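One letter stands for each residue in the lines below.
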Amino acid sequence: MSSYTFQFGILADYGPYLAGGLWHAWITSLPSIIFATVIGVGLASMQISHQRLLRTASILFVDLFRTLPVVVLLIWIHYVLPILSGVSFSPTTSSIIALSLNGAALACEAFRGGIEAIPNTQSQAAQSLGFSKIQVFRYITLPQAAFATLPALTNVHITIIKNVTVTVLIAVPEVMFRAQELTVQFFRPLELYTGAAVLYVALIWGYTVLMRSLEKLQKWQPI
Amino acid sequence: MAAGGAIHMTSGPFVSIRDVHKSYGSLKVINGISFDIAQGEVLVLCGPSGCGKSTLLRCMNGLERIDGGDIIVGGVNVARASSEELQHVRMSTGLVFQNFNLFPHMTVLRNIALAPIKIKGMPASDAEALAHLLLESVGIPEKADEFPFRLSGGQRQRVAIARALAMEPKLMLFDEPTSALDPEMREEVLQVIRHVHDVHGMTMVVVTHEIGFAKSVASRAMLVESGKIVEEAPARTFFEHPKEERTRRFVQAIVNE
């Protein structure tokens, strides 16, 4: 065992500052979660479409952003894109773009899984009544798939929140950035990173509880 | 097609099936079947499992595409219909499945009212009143606000029948409506189908092995095997004095079931 003596007093003094980083983590991850989910639904519905062009476009998007490591994507958007396009973003905006693109690819796969979990007989029953293909998707497939997708979607959202920690690389002042900043100043890395760990676990656990309560809104059962 | 696209009444047969062929890969499931169904007629289709009778029913609704031949329902050739025409045929054709296929995420009332509201543009209050009326006629008015998972198999099938009736179809197709049910629930569903026939007098095609039901309701019965018609006769003759040896053995087998 090391002879390191923990002095958690640093967290009494700078804990609130460290915890303030959670706000930045949240305002980066929440928009990313929303964009990723909305774009993910769009991508998934493109993939089940009969238009080959839409399907191919969606598959290309998903394959690109699922395979690009988030760090590479983030650095590219923040440092390379401005040189190529002349448009530059704030660290938070760059982070939201990167996390949304990566999250959308993951969310698409979650939705596709949810849609495929709905038996084909459901859309046949609806078609036999005279519903159009779009109506079948809107009224029969999507509402059932939404609940079928929730557990997988929660995982995607958690991944997005966890990925916020890589934004430390472009100086978004979230928890990890502040822990690093304080460590340089006070040389108490073990206490500060332990504090950061506790804060992230609390944020993500809270989010998980929220999503589980959404699952409870399902009053029906599959038959 | 008639104005508005509704199925129109013709003086000839209501349904006309002409030399229909259908394969799944190399497996031939329907091999040149032809027959007519007159307006108001009840036709019972029977045959061993895998003989093509359910596929034929699904082809009549355009859920399966045929490889050759024509299926004309109310003047529309389902085999060559555009998706709009097909939608109109389906609006006036009710299909009841073996496994009910109710929408699990909607209440019983919504299951029945959704199609008239979204497809016909019926005001929600009218559609719900219609749904209550239909639930009354299938004998489960108290289940309106339940979700399907809370119903027994027989009740689910009765809701499925009500859901199909809500579109006021001219033709009802029943695909083994009682074969997924316990024996004691079968009778309640058959009773409802009988009632539907008595009240609405609509044209029906029923895939079933229920001989008692077939003899009392059907005008005609048909044995299908290996995608071909083996025998076709008035229902009573078919079950009591079949001409073909194959039909005799088949009827004997279902009596002994």
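Anything mentioned here points back to the structure above.
Residues numbered from 1 in each chain as written. Chains lettered and ligands numbered in written order. Predicted model: local features only at pLDDT ≥ 70, side-chain atom pairs only at ≥ 80, totals over all residues.

Attention now goes to the overall build of chain A. Helices and strands together make up the secondary structure of chain A, namely 8 helices and 0 strands. The principal-axis extent of the C-alpha atoms belonging to chain A is close to 70 × 45 × 30 Å. When the 223 residues of chain A are sorted by exposure, 37% land in the buried category. The contacts of chain A with a sequence gap of at least 6 include a subset with a gap of at least 24, amounting to 78%. (Helix = DSSP H or I, 4+ residues; strand = E, 2+ residues; numbered from the N terminus. Buried ≥ 20, exposed ≤ 12 C-beta atoms within 10 Å, placed from the backbone. Contact = placed C-beta atoms within 7 Å.)

What follows deals with the sheet that holds strand 8 (residues 203-207) of chain B. Residue and element names in this part refer to chain B. Within the open sheet, the 6 strands sit side by side as 6-7-8-3-9-10. Their pairing is mixed. Edge strands, defined here as strands with exactly one partner in the open sheet, are strand 6 (93-96) and strand 10 (228-234). Between one strand axis and the next, the sheet turns by 15 degrees as a mean value, whatever way the strands run. When strand 3 (residues 42-46) meets strand 9 (residues 220-225), the two strands line up parallel, connected through 4 bridges. What sits directly across from L43, in strand 9, is R220. (Pairing = 2+ DSSP bridges. Axes fitted to C-alpha atoms, helices over the stretch in contact; angles between N-to-C directions.)

On to unusual backbone geometry. All names here are of chain B. We note that E176 has phi near 45 degrees; this positive angle belongs to a residue other than glycine. Within the fold, E176 resides in the loop between strand 7 (171-175) and helix 6 (183-200). Even without being glycine, S226 reaches a positive phi, approximately 50 degrees. Tracing the backbone through its elements, the reader meets S226 in the loop between strand 9 and strand 10. Since 14 C-beta atoms lie within 10 Å of it, S226 is described here as partly exposed.

With that settled, consider the pairing of strand 7 of chain B. Residue and element names in this part refer to chain B. With 5 of 5 residues buried, strand 7 is to be regarded as a mostly interior element. Bridge count for strand 7 against strand 8 is 5 bridges, and the pairing is parallel. When the bridges of strand 8 are listed, L171 appears paired with T203. A crossover links strand 7 with its parallel partner strand 8, the connecting element being helix 6, and its sense is right-handed. (Right-handed = clockwise from strand over helix to strand, strands pointing away.)

On to the sheet that holds strand 5 (residues 76-77) of chain B, then. Residues and elements named next belong to chain B. Read across the sheet, 4 strands follow the order 2-1-4-5 without closing on themselves; strand pairing throughout is antiparallel. Strands at the two margins of the open sheet, each flanked by one partner only, are strand 2 (27-37) and strand 5. The sheet contact formed by strand 4 (residues 68-73) and strand 5 spans 2 bridges and is antiparallel. For V73, the partnering residue across the bridge sits in strand 5 and is V76.

Residue and element names in this part refer to chain A. Mapped onto the secondary structure, V156 falls in helix 6 (residues 133-163). Taking the number of C-beta atoms within 10 Å as the measure of exposure, V156 has 23 and is therefore buried. Not counting the four nearest positions on each side in its chain, V156 is found in contact with A36, G103, L106, A107 and A110.

Chain A puts 20 residues into the contact, and the matching count from chain B is 21 residues. Elements supplying a minimum of two residues to the side of chain A that touches chain B: helix 5 (120-129) and helix 6 of chain A. Per-element tally for the side of chain A that touches chain B: the top contributor is helix 5 of chain A, with 7 residues. A class-by-class count of the residues in the side of chain A that touches chain B yields 9 nonpolar, 10 polar and 1 charged. (Nonpolar A, V, L, I, M, F, W, Y, C, P; charged D, E, K, R; others polar.)

Now for the pairing of strand 9 of chain B. Residues and elements named next belong to chain B. The element strand 9 is largely enclosed, with a buried count of 5 among its 6 residues. Judged from the 6 bridges that link them, strand 9 and strand 10 form a sheet pairing that is antiparallel. Bridging across to strand 10, M222 finds its partner in E232.

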